[in-house]
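# Survey of secondary and tertiary structure
Next come the chains, spelled out residue by residue.
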Amino acid sequence: MQDALAIVVLILSATLRVATPLILGALAGLFSERSGIIDIGLEGKMLASAFAAATVAALSNSAWIALAAGIAVAGLFALVHGYACITQRGNQVVSGIALNMLAAGLTVVLGNAWFHRGGQTPTLSAEARFMPSDMPGAAAVHDLPVLGPLYEGLIGGHNLIVYAALAAVPLTHWVVGRTRFGLRLRAVGENPQAVDTAGISVAWLRYRAVLLCGLLTGIAGTYLAIAQNAGFSRDMTAGQGYIALAALIFGKWRPYGALGASLMFGLLDAIAIRLQGVRVVGVGEVPVQLIQALPYLLTVILLAGFIGKADAPKAAGTPYGKER
Amino acid sequence: MRGARAPLPHWVDVGLIPLANVASALLIAGVIVLAIGENPLSAVGVLLAGALGDSEGIGYTLYYATNFVFTGLAVAVAFHAGLFNIGGEGQATLGGLGVGLVLLAGDGHLPFAALLPLALLAATGFGAAWALVPAWLQAYRGSHIVITTIMFNFLAAALMVYLMVNVLIAPGSMSPESREFGPAAYLPQMHEVLVPLGVKLTATPLNLSVALAAALCVFVWLLLWHTPFGFELRTAGHSAAAAVYAGVRPRRVVMISMCLSGAIAGCVGLNEIMGVHHRLLLNFTAGYGFAGIAVALMGRNHPVGIVLAGLLFGILSQGGTELAFAMPAITRDMIVVIQGLVILFSGALPQLSRPGFEWLFAVLSRRAPALWNA
Amino acid sequence: MISLRNVVTLRKPRSGRLEERTTARPPAVELRHIDKRFGAVHANRDVSLSIAAGSITGIVGENGAGKSTLMSILYGFYEADSGEILIDGIPAVIARPADAIALGIGMVHQHFVLVDTFTVLENIMLGAEGGGLLRRGALAAREEVRRLEREYGLRVDPDARVADLPVGALQRVEILKALYRRARLLILDEPTGVLTPQETDQLFRILSALRSNGTTIILITHKLREIMAVTDEVYVMRAGAAVAHRGTAETDSVELAELMVGRKVRLTVDKGTVRFGAPALVAEGLTLRDERGVTRVDNVSFCVRAGEIVAIAGVSGNGQSELLELLAGIRPPTAGRFTANGRVIAPETPSNPADMRAIGVSHIPEDRHRSGLVTAFAANESAILGYQRDRGYSRWLLLIKHKLLRHCERLMERFDVRPRAPMLRSANFSGGNQQKLIVARELDREPKVLLVGQPTRGVDIGAIEFIHRQLLQRRDAGCAILLVSVELDEVMALADRILVMCGGGVVGELSAEEADERKLGLLMANAQSLELRAAAAVGAVP
């Protein structure tokens, strides 16, 4: 019994750790897409900010400065994407793909040139990272039967960014649903003409949304490099930007939906390793690749309309301009 | 500036602006090379020498270019129908899988003359099948083809890993590779083919699939611009209203164009599996799918442009490898950077240079009105 | 209906011009010499008007007369190339909608700009939220909306989702949006196009109430009945210019219809003797409802015989476009049926454009840029649009380029399309030549039934004459032609019989002999119908 509980706590704890960049990435995509700008480039922004954070952390030995650097770099990518999509009215999908490729190549080229480790950055010491912290009073409840391990292992024992990601969800919900900015954001993604005729600048609104996307992906990338791991290695995002996109779509472009989807995908990842070699009744051995592929599979099924409807913001993907 | 600007002549649109886009990309790449402490000009020198300096370099360049042409054509065909096929990676992977399955099954029993058409069928068939589902979802359920094709790329990768690790792995092998094919299942390499003709080339992976690439260029050119179906496909891509008026069924066009696109992308598998590696393995698509988008955009979705762009990327690939030897600071990832920059300028910011050209032409036409009245 | 706010001196009705005016307030809006071009199109020509404060002023004109452009300039969507705007007597610069809103100008658009997924209250608050946090602003907004509701009778449920509301309610929301921002000048662009008669009356009551409170209202419409019912003054616009200004009390629909339509030179083309054959195109109770459930084509029946031209006149947007789409096989009918060359097309036996061509029905579409040709294609490719599968152009699955080129050259020769360059991109031909190419393509088929939509829109005079002559020749060769056109000259020059559509249904029929501009103009503006339709017609204003 104790063993089972320990395993459950481990799995759930791992879920949270894996889900963190997904949550942040999905929220980032939420801001961008709700404003009408499709962003395929979450992956690239995460990668670029991971590299920036790892580099600055190695040089400055400060996790917080590294975080600032990560956010700045992601913001820069976001600005380029915004310029291409909003001001130049270019193809939003193409821009996202371009920036992904740029990030993938540039991070290794620069990393190799600066650190000569084939793309990796130097391993970071604990002070340059966001380390897991214990919750207050963890020692006191250590011996309690169920609550103890839960409090210690699941709720406690994570680094700051994990808690920040979780807090970002209700915050996003509040901003999007209860503030003036959120109202205008939702409006411009559904009918930019309504916003324009009300005298509000469509472009400025979208730029702010895109920059918020940069902020959140910057935090996600920083997490990957200096919280979850101790440095940057090539292609370390490994598709998580795309899974975040899938989580956003699966969560129907809502904050809590994105949270739920991210947690689900994180859970799948956490149990994937454990299921390796285990025979499931009636099916036989479940291939680990199937579980890894589940987020993508589920997203496709959702998009096909088989698990309810997924209505993207109506104006997403269409550049706004006065054509009369 | 409220005055009316004279529209730019057509050759500027087709020739100058794309060149300006590529030039911008290369310029920024040069700046990056400078930033990491190398000389961009000498880098270009090493690159060109490595790619075109000797017959080995040329052979490799053409071999790389073959794959770029396949994926570029695939993206272009879909583009002409108004669809954005990002699934080239996955479709190429499946194409390779199909080739591998056919060759593993038949290399002991069948002669080359039978294996080749079967492998070709498998490459195109599997590639088309992998594009079929996203196409159907777009046509009949309205699912955005960009997202579904991205997802299918990942699904293809997962499927491939599973099959290679669990099913098709050669017994006793340490890495996820199948056993090697028998000689009947080899695509002849060009240096072998040309020997009877008295041409001596250094051995390179360049194989017969380059002929297939050339044939597909002609095929796509004929199909798009010289058949009724191609006419309908392009109409649908330009104007949905005109397509409906012309009696075209939009769903049919979506399905067929995507399947064609996937089939062409699948040919990368023929080149890699049957022509080069002679076994099934992972990651043989190595980014060709995404590069195909760059090739198509640079080549303005026309086979001639795609061949030129494919050659350019082939030069970058081969030259890049040489460059990585000569200047270790510049790794092969620089090629990816250049690809990204090309896509950015050709695809997302294509009109950036337009105001500059319009100003230039306005100034010139004031000086020499007779010359520029096109 | 003379407003008591201004002291107005009127001349006798005969000349109908307002000569002098002494006002207690400066005009709410004065536009002086507004000029605007979009490329080659001269949308507003030196327009000057003066809108009295606290009045309801109408601006009438046909489609393309420049009314909407003018109001867009007033609201800040466009900037005029030249001219000035004065609000309450003070020169104003209106560079974007925010400027207009700040000056107290509100606009109710023809096509609503509402966010479907929002509630009514959210739509009203958008842009005037009253602070960073919505909750506080929402309370105040609710109060204000309730006040406006009471004062003007604008009944809406603030928490209803816009997507669920009927069309009449949507308009009330748009008006509330403007009033919420304290608009003193309200512009309504074709407000009754989508309203039922009852909703229209409701709207007029609201407008009257607004006027009593000092709001100035500009009503853009082509419906003369509304002008006569509710406005104080009216400007008539035609071809981008303001051609007349009347006090409503001293004019009538007839005069306005004449001014709207203008006295153009009638093209005298000899129609020749008519010999009608058997019915080739017969429609019985054709009805089309769109995805929203709105009836676009309402129980339309007619018959076109071989060798006859039947024209459908009417202002754009009254179902003619949809009717053409039905007949061309682009959309299946919701109810009713039609027979073309012996083939019956009904909801159970739908057709498609390729089939219709095979039957011998050709179609010159209304929108040549979107449907009629592909602007990016070369002329020789546009010349086979719709006929690309024809065996005459291919051999062994391949299109034979020189056959296409020769075909195009032949068409260009016969129909005088210039320049004679089959390789030139379709977009580079002038409007008239593009249209001639399309006409050439369709007439070359020698169809038994020809559907024609706006054949001379944006076409120069010489090409118009040519196209008309070609159509008449086809008719004489025994083709049954259904012509849809908003140009009365064209209708009267070509038609043997004229049907007028309004609100999706046919409201009147005249033979060529009995028709004249005045009668047609009135029918089109629905000021008076020869046969009263049942009040069940949706969207029609009887």
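Residues numbered from 1 in each chain as written. Chains lettered and ligands numbered in written order. Predicted model: local features only at pLDDT ≥ 70, side-chain atom pairs only at ≥ 80, totals over all residues.

## A short note on the overall build of chain C
For clarity, the cut-off: Only runs of H or I of at least four residues qualify as helices and only runs of E of at least two qualify as strands under DSSP, and these elements are numbered from the N terminus. To sort residues by burial, count the other C-beta atoms lying within 10 Å of each one's C-beta; a count of 20 or more means buried, 12 or fewer means exposed, and anything in between means partly exposed. C-beta atoms are built from the backbone. Placing C-beta atoms from the backbone, we regard two residues as in contact once those atoms come within 7 Å.
The secondary structure content of chain C amounts to 17 helices and 24 strands. For chain C, with 542 residues in total, the buried portion stands at 49%. Counting only contacts in chain C whose residues sit at least 6 apart along the sequence, the fraction spanning at least 24 positions is 69%.

## Looking at the domain arrangement of chain C
Residues and elements named next belong to chain C. As a reminder of what qualifies: Each domain span listed reflects an automatic or database assignment of domains. Following the grouping adopted for this structure description, the nonpolar residues are Ala, Val, Leu, Ile, Met, Phe, Trp, Tyr, Cys and Pro, the charged ones are Asp, Glu, Lys and Arg, and the polar ones are all others, Gly among them.
For chain C, the assigned domains read domain 1 (1–9 + 29–104 + 184–263), domain 2 (114–182), domain 3 (264–360 + 449–542) and domain 4 (369–446). Across the contact, 12 residues belong to domain 3 and 11 residues belong to domain 4. For the side of domain 3 that touches domain 4, the elements supplying multiple residues, two or more each, are α10 (353–359) and α15 (461–476). Top element by residues in the side of domain 3 that touches domain 4 is α15. It accounts for five residues. Residue classes in the side of domain 3 that touches domain 4 are distributed as seven nonpolar, two polar and three charged.

## Remarks on the interface of chain A and chain C
For interface size, the figure often reported is the accessible area lost on association. With 17 residues of chain A at the interface, the matching set in chain C holds 19 residues. For the side of chain A that touches chain C, the elements supplying multiple residues, two or more each, are α7 (180–190) and α8 (192–197) of chain A. Residues of the side of chain A that touches chain C, tallied by class, amount to six nonpolar, five polar and six charged.

## Looking at the pairing of strand β10 (residues 216–221) of chain C
Residues and elements named next belong to chain C. In plain terms, the rule: Any two strands with at least two DSSP-identified bridges between them are counted as paired.
The buried fraction of β10 amounts to six of the six residues, a majority that puts the element mostly inside the structure. Side chains T216, I218 and I220 project from β10 onto one buried face, and the interleaved I217, L219 and T221 project onto a second face that is buried too. Alignment of strand β9 (residues 185–189) against β10, held across five bridges, turns out to be parallel. For D189, the partnering residue across the bridge sits in β10 and is I220.

## Describing the sheet that holds β10(C)
Within a beta sheet, neighbouring strands are joined by backbone hydrogen bonds and run either parallel or antiparallel to one another. Residue and element names in this part refer to chain C. This is how the line gets drawn: Axis lines are fitted to C-alpha atoms, over the contacting stretch for helices. Their N-to-C directions set the angle, which ranges from 0 to 180 degrees.
Taken in spatial order, the six strands make up an open sheet running β8-β9-β10-β5-β11-β12, and their pairing is mixed. Looking at the sheet topology across the chains shown, the edges are occupied by β8 (105–108) and β12 (241–247). Going from strand to strand, the sheet's axes swing by 20 degrees on average, the running direction of each strand aside. Pairing of strand β11 (residues 233–238) with β12, which is carried by six bridges, proceeds in the antiparallel orientation. Within the sheet, the bridge partner assigned to M237 lies in β12 and is A242. Strand contacts of helix α1 (residues 67–75): β5 (56–60), β8, β9, β10 and β11, with the helix running at about 150 degrees to β9, the strand carrying the most contacts. Across the sheet, helix α5 (residues 167–180) touches β8 and β9, and the angle it forms with β8 is around 170 degrees.

## Considering the interface of chain B and chain A
Each side of the interface is counted separately: chain B has 38 residues, and chain A has 34 residues. Here the residues of the side of chain B that touches chain A are counted per class, giving 27 nonpolar, nine polar and two charged.

## Topic: the packing of helix α2 (residues 40–52) of chain B against helix α3 (residues 55–80) of chain B
Residue and element names in this part refer to chain B. Where we set the bar: For this classification, under 35 degrees means roughly parallel, over 145 means roughly antiparallel, 65 to 115 means roughly perpendicular, and everything else is oblique.
The interhelical angle for the contact between α2 and α3, taken along N-to-C directions, is 90 degrees, at an axis separation of 5 Å. What the angle tells us is that α2 and α3 run roughly perpendicular. Every residue of α3 that contacts α2 at G50, A51 and L52 is listed here: G57, I58 and T61. The residue inventory of the contact of α2 with α3, partitioned by class, reads three nonpolar, three polar and no charged.

## Some details on unusual backbone geometry
Residue and element names in this part refer to chain C. Note the cis peptide between R418 and P419, where omega equals -5 degrees. Note that P419 resides in the loop between α13 (401–415) and α14 (431–443). Even without being a glycine, A239 presents a positive backbone phi close to 50 degrees. With respect to the element layout, A239 can be found in the loop between β11 and β12.

## Structural notes on α5(C)
Residue and element names in this part refer to chain C. The cut-off we apply is this: What a helix is expected to span follows from its residue count: subtract one and scale by 1.5 Å.
With 14 residues, α5 extends 20 Å between its outermost C-alpha atoms, agreeing within 8% with the 20 Å of an ideal straight helix rising 1.5 Å per residue. Those residues of α5 not exposed but buried are Q171, R172, V173, E174, I175, L176, K177, A178 and L179. After α5 finishes, the residue R182 shows a positive phi value of roughly 60 degrees.

## Concerning the sheet that holds strand β3 (residues 29–38) of chain C
Residues and elements named next belong to chain C. One open sheet accounts for four strands, arranged β4-β3-β6-β7; its pairing is antiparallel. Two strands lie at the open edges of the sheet, namely β4 (41–51) and β7 (90–92), each paired on one side alone. When the angles between neighbouring strand axes are averaged without regard to direction, this sheet yields 30 degrees. As judged from the seven bridges shared by β3 and β4, these two strands associate in the antiparallel manner. Paired with V29 across the two strands is I51, which belongs to β4. Contacts from α1 reach β3, β4 and β6 (82–87) within the one sheet, and its direction differs from that of β3 by about 115 degrees.

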